[in-house]
Amino acid sequence: MSKITRRNLPRGVKLTPDLVFDPLEDAADRLERAIDTENLKRPFGTFWIYWNIPIAGRLFLNDSSGLPGNGEVGEIDIPFVLPELQDEWAEARHHPILMDLMVSWDQRDESAVIGDCVPAAQVQEGTCDWQNIDDATLLVRILKKPTYYWGVPPQATIATDDALLHEPTQEIARLEVPFTATMNRLLRQNPALVSNLNRPLDHHNTYVVRISAPNLNQSAAFVSLNVALGFKRKLTQRDFHNGISHYVQNMPLVHCGLGDPDAVAIGVPGANTSIEADDPVDGIQTGMNVLDGRFQRKLRGGYNTWGDRWPAENVLTDAGYDVIAVPMFGGLGRPIYQKDLDRLPNIGADEAVDVRLIPITHPFVVHHVLAVVNWAGDPSVANNIKPNNANLTHEIGVALLSGHKADLFTYQHVAYQTFGCTPALYGLVAVDYIKHQLGGNLSNGDHDQIIVNVPIVYDFPAVYPNSVRGYFGVQGQPFWMSSGTSEQADRTDAVYFPMAGGGPPYTAGQEQFIEVRWKWGDTVTAGGLAGAGYGANTVFVGYGGFWVYLIGKKMLAP
Amino acid sequence: MRVLTDHQFSDGTEISGTRIDEALADVVEHVNAVPHGDLANRWLYFQCVAGFMPSPPDYALSTDIWRLPFLQEENHTGPGGIFPGTTAPPAVDSQHRVKGIYQYHTCTHWVWTQALRFPRPVRLVDITLALLVDNVYPNTFQYTGSPPPEKAKQTYVDDISIVLSVDHPWAPEDRTQNAVEFARHKWSAMAELFRDAGAPGAPTQNMCPSKGYGNTAGLVIRARDLDIPLFPGARIRLCLVLPNWAAGSAPWGDYPTAQQAYNSTLTFAEEVVE
């Protein structure tokens, strides 16, 4: 759609119905669920990506002086990508625009730095150091690199050992928080925030949040460190299910996302009849009142919190882009080497599991799930190595959960991925590879981290054809989630796990939480994770932990 | 009250091409740039998810791990308050960091804080915290063994606090001036068990990967439909406060922060933007 137009009324000519009523009819047409971003004064929806790092401590200072890494500093890198939504896949229709950058941490509400936990020096843990405050300068940079999957330069020329392509080098934004800004007793810039950055981001690039503390000493830590990026992106049309060309799993059958356009009728006088001011059928004022009434009651679009649409909708572009960042295996304050396995919770039978619960507060349609595996170790260790063993497997699952103060305790799968830890195996699902510093030794080889695709549940053609709109060309159709009433209880079919069947979703329209689980381990190799199959400097979990990203559409809400 | 134009046309009153032209211009202009206030739904939700597994309690007891990111609620210059070997200031800025914490005689507190700030106005919609337990994290959330003083044996704990506050705009570093937007104190954990005693403990359909050590369990505390407006630039602080009773008190023990794994989600709503 586009903006509506009108002809000016020229002086001295006969007033004909088309001069007056064409613009009114055009306006009425727009109000029949055709108001799009061209017609909105505020056409952008916002989304925030929020990363919480429980402890960012003394390994910041560690560097590789004298080692092959030659001065590489232990910064925290958090990579992310912003893929196009499934219905816009490879169209590059709308780019997210980075607007805001926020960083905060807990300094005990004092002009002090916080003591890290150091072996044999537990008395300093969590204490305030009011003296060495110049430690507290923090630098957050946003870097970018081409995403390996998209092959820029052309994918055919890229080898997985081409480290040049794996190191993010171009800086697009930064926020430096000097210690002087956070140590004033009357006003500490913590949280610190910069706005109006206006940096367009590309769906085909990988971005890295790089956090460093150049002056931090071996005794200090940034505790409960939060980084948030605020974006805006043009609103888009919400998903719908018609069972023919468009599919959405688990969508309320009561509306299937289809629009219920308002019927806006303007009475138009016939040709060569007089134009009247307030004729009850075709007067000018009557027509304007029809339009005005729609604005007085407010234009309708989107869903309420239960996933129910309005009757008589006016707005077409009522959906926004969203990314939910889910931290996994963070909070341990250091990389997990083979010698640290006893530090790892839930380690049993050589497997470790972490779980996150996220409440479903509003309708959300998941289009992609991605995960970041991080093997970045301590740079002062000479020979950090990634696990290279097909028996070490990672499993990542995303499911809907019902059962909180409820009778129905069950799960419905949304996405799942598993892969073995060799470059050949995870190369089949890796969207991108990230190396902190070319030649550095946070890990061996050409990458410290990978971003892997976690496909939406798929591969049951009896339910739906697989979507081809995603990384590696195949995954499931978008997956709706919302808490509903009995009105929204009946849902479109969903694929069951393990991708061998489908039907009415197990959660029966009663989902309350998203549960994200990540499990890794090796129950095959003799001796398990602690055995000789792995070296002492094998990094199982890198500094800062792993991440899961849920990417999809959210809709305008009251 | 008309929205589109101030012009009104009625029989028997003056009508002119100029007035019609102006009215049509108003309509076209408005429909081509609909103000956000004319949208019945103009908010988009976003979620800030955090969470971590602390080092297991047995590890905490034996070596250097520990309580971070939990920090002491009370600021002071005694042991545990000041970094060893450094000089203390004449006074701390904020002795107590969280408002409304019940000050038991024999109890100190640990607090996990998340601070946020948004440049545009937002609505706080939902606060959800989950304290998950399993075979590694053993919290029963019941006073057992030797309960702390003032607490009855076998009752559910009521000493967890959740506070969300906003710093005072003119005294942002004085925690006594914080505006408390949300607070839960002295609530019984029994009310927030993920699965009540007697309810089915296993899901009818489980998910993959399996946990291998039981099902999701613990406390899931959810405050929904809050709709708390927060002004642009508000400095928001979410605090989860755990008690630290005398050594040996059950269920918190010596390391209360290591008795469960943590999840938190803050859900906000923000208006569409230009």
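Draft legend 1. Quick look at the overall build of chain A. Of the regular secondary structure elements, chain A holds 4 helices and 25 strands. Viewed in the frame of its principal axes, chain A has a C-alpha envelope of about 95 × 60 × 55 Å. Classification of the 558 residues of chain A by burial places 58% in the buried group. Here the contacts in chain A between residues at least 6 apart in sequence split such that 78% fall between residues at least 24 apart.

Draft legend 2. How the structure looks around the overall build of chain B. Of the regular secondary structure elements, chain B holds 2 helices and 10 strands. Helices and strands appear in chain B in the N-to-C order α-β-α-β-β-β-β-β-β-β-β-β. Taken against the 2.2 N^0.38 rule, which gives 19 Å for 274 residues, the C-alpha radius of gyration of chain B at 26 Å runs more than 25% over that of a compact globule. For chain B, the C-alpha atoms occupy an extent of roughly 90 × 60 × 30 Å along the three principal directions. Here chain B holds 274 residues, and the buried ones make up 47% of them. For chain B, contacts bridging at least 24 residues in sequence account for 75% of all contacts bridging at least 6.

Draft legend 3. Quick peek at the domain arrangement of chain B. Taken domain by domain, chain B comprises domain 1 (1-33) and domain 2 (42-84 + 92-271). A separation of 57 Å is found between the C-alpha centroids of domain 1 of chain B and domain 2 of chain B.

Draft legend 4. Up close: the sheet that holds strand β6 (residues 138-146) of chain A. Residues and elements named next belong to chain A. Judged by pairing direction, the sheet is antiparallel, and its 4 strands sit side by side in the order β2-β10-β6-β7 without closing on themselves. Of all strands in the sheet, those bounded by a partner on one side alone are β2 (76-81) and β7 (170-177). Put simply, the sheet's adjacent strands are angled 15 degrees from each other on average, direction ignored. Sheet topology places β2 next to strand β10 (residues 205-212); 6 bridges connect them, and they run antiparallel. Paired with Val-81 across the bridge in β10 is Thr-206.

Draft legend 5. Seen up close, the interface of chain B and chain A. Contacts between the two partners involve 109 residues from chain B and, on the opposite side, 129 residues from chain A. Listed by contribution, the elements that provide at least two residues to the side of chain B that touches chain A are α1 (17-32), β1 (43-52), β2 (71-72), β3 (108-117), β4 (122-132), β7 (218-223) and β10 (261-271) of chain B. Looking at which element gives the most residues to the side of chain B that touches chain A, the answer is β1(B), with 10 residues.

Draft legend 6. View of the packing of helix α1 (residues 17-30) of chain A against helix α3 (residues 284-296) of chain A. Residues and elements named next belong to chain A. In the contact formed by α1 and α3, the axes pass within 10 Å of each other and the chain directions differ by 15 degrees. It follows from the interaxial angle that α1 and α3 lie roughly parallel. For the crossing formed where α1 meets α3, the hand is left-handed. Taken together, the residues of α3 that come into contact with α1 (itself represented by Val-20, Phe-21, Leu-24, Ala-27 and Ala-28) are Ile-284, Gly-287, Met-288, Val-290 and Leu-291. Across the contact of α1 with α3, the residue classes break down as 9 nonpolar, 1 polar and no charged.

Draft legend 7. Fine view of unusual backbone geometry. Residue Pro209(B) follows Cys208(B) across a cis peptide bond; omega there is 0 degrees. Relative to the assigned elements, Pro209(B) resides in the loop between β6 (179-184) and β7. Note that the residue after Ala250(B), namely Pro251(B), is joined by a cis bond; omega there is 10 degrees. In this fold, Pro251(B) is placed in the loop between β9 (235-244) and β10. In the Ramachandran plot, Arg108(A) falls in the positive-phi region, its phi being about 60 degrees despite a non-glycine side chain.

Draft legend 8. Just α3(A), in detail. For α3(A), with 13 residues, the first-to-last C-alpha span of 18 Å sits near the 18 Å given by 1.5 Å per residue. Those residues of α3(A) not exposed but buried are Ile284(A), Gln285(A), Gly287(A), Met288(A), Leu291(A), Arg294(A) and Phe295(A). The inward-facing, buried residues of α3(A) abut α1 of chain A together with α1 of chain B. Immediately beyond the C-terminal end of α3(A), within one or two residues, lies Lys298(A), with a positive phi of roughly 80 degrees.

Draft legend 9. Looking closely at α1(B). Taking 1.5 Å of rise per residue, the 16 residues of α1(B) would be expected to cover 22 Å, and the 22 Å separating its terminal C-alpha atoms lies within 8% of that figure. Within α1(B), the full set of buried residues consists of Ala23(B), Leu24(B), Val27(B), His30(B) and Val31(B). Down the axis of α1(B), the buried side of the element spans an arc of 130 degrees, and every buried residue falls inside it. Buried-residue contacts for α1(B) involve α1 and α3 of chain A.

Draft legend 10. Looking closely at the sheet that holds β3(B). Residues and elements named next belong to chain B. Read across the open sheet, the 5 strands follow the order β2-β3-β9-β5-β6; overall the sheet is antiparallel. Strands with a single pairing partner mark the edges of an open sheet, and in this sheet they are β2 and β6. Of the pairings in the sheet, the one linking β2 to β3 comprises 2 bridges and is antiparallel in character. Bridging from a neighbouring strand, Gln-72 pairs with Trp-110 of β3.

Draft legend 11. Quick peek at the environment of Ala263(A). All names here are of chain A. Mapped onto the fold, Ala-263 is located in the loop between β11 (220-234) and α3. On the basis of neighbour count, Ala-263 is assigned to the exposed category, with 9 C-beta atoms found within 10 Å. Remark: the alpha-carbon pair of Ala-263 and Met-251, spanning 12 residues in sequence, is separated by 25 Å.

Draft legend 12. Structural context of the packing of α1(A) against α1(B). The geometry of α1(A) relative to α1(B) is characterised by a closest axis approach of 10 Å and an angle of 20 degrees between their N-to-C directions. In terms of orientation, α1(A) lies roughly parallel with respect to α1(B). Once α1(A) is placed against α1(B), the crossing between them reads as left-handed. On the side of α1(A), the interface is formed by Val20(A), Pro23(A), Leu24(A), Ala27(A) and Arg30(A), while α1(B) contributes Ile20(B), Leu24(B), Val27(B), Val28(B) and Val31(B).

Draft legend 13. A look at the pairing of strand β17 (residues 410-421) of chain A. Residues and elements named next belong to chain A. The element β17 is largely enclosed, with a buried count of 9 among its 12 residues. Where strand β16 (residues 389-402) meets β17, 11 bridges bridge the pair, whose relative direction is antiparallel. If you follow Asn-389 over to β17, its bridge partner there is Cys-421.

Draft legend 14. Main features of the confidence of the model for chain B. The predicted model of chain B has a mean per-residue pLDDT of 90, with 95% of residues at 70 or higher. Both confidence scores are given for the complex: pTM 0.96, ipTM 0.95.

Draft legend 15. Examining the pairing of strand β14 (residues 351-359) of chain A more closely. All names here are of chain A. Across the 9 residues that make up β14, a large majority, 9, are buried. One ladder, built from 9 bridges, connects β14 with strand β23 (residues 513-521); its direction is antiparallel. Residue Arg-356 lies in a different strand from β23, and its bridge partner there is Val-516.

Draft legend 16. Quick look at the environment of Thr87(B). As for its placement among the helices and strands, Thr87(B) is situated in the loop between β2 and β3. The exposure class assigned to Thr87(B) is exposed, which follows from the 10 C-beta atoms found within 10 Å. In the structure, Thr87(B) is positioned 10 residues away from Thr77(B) in sequence and 9.1 Å away in space, judged by C-alpha atoms. Residues contacting Thr87(B), with those up to four places away along its chain left out, are Trp130(A) and Gln131(A).

Draft legend 17. Fine view of the environment of Ile324(A). Relative to the elements of secondary structure, Ile324(A) occurs in strand β12 (residues 319-328). Since 26 C-beta atoms lie within 10 Å of it, Ile324(A) is described here as buried. Placed 226 residues apart in sequence, Ile324(A) and Leu550(A) show a C-alpha to C-alpha distance of 5.1 Å. When neighbours within four sequence positions are excluded, Ile324(A) is seen to be in contact with Ile358(A), Leu550(A), Gln47(B) and Val49(B).

Here is what the cut-offs are and how they apply
- Residues numbered from 1 in each chain as written.
- Chains lettered and ligands numbered in written order.
- Predicted model: local features only at pLDDT ≥ 70, side-chain atom pairs only at ≥ 80, totals over all residues.
- Helix = DSSP H or I, 4+ residues; strand = E, 2+ residues; numbered from the N terminus.
- Buried ≥ 20, exposed ≤ 12 C-beta atoms within 10 Å, placed from the backbone.
- Contact = placed C-beta atoms within 7 Å.
- Rg over C-alpha atoms; globule rule 2.2 N^0.38 Å.
- Domains from an automatic or database assignment.
- Pairing = 2+ DSSP bridges.
- Axes fitted to C-alpha atoms, helices over the stretch in contact; angles between N-to-C directions.
- Parallel < 35°, antiparallel > 145°, perpendicular 65-115°, else oblique.
- Left-handed = near helix turned anticlockwise from the far one by under 90°.
- Nonpolar A, V, L, I, M, F, W, Y, C, P; charged D, E, K, R; others polar.
- Expected span 1.5 Å × (residues − 1).
- Arc of directions from axis to C-beta.
- pLDDT = per-residue confidence, 0-100.

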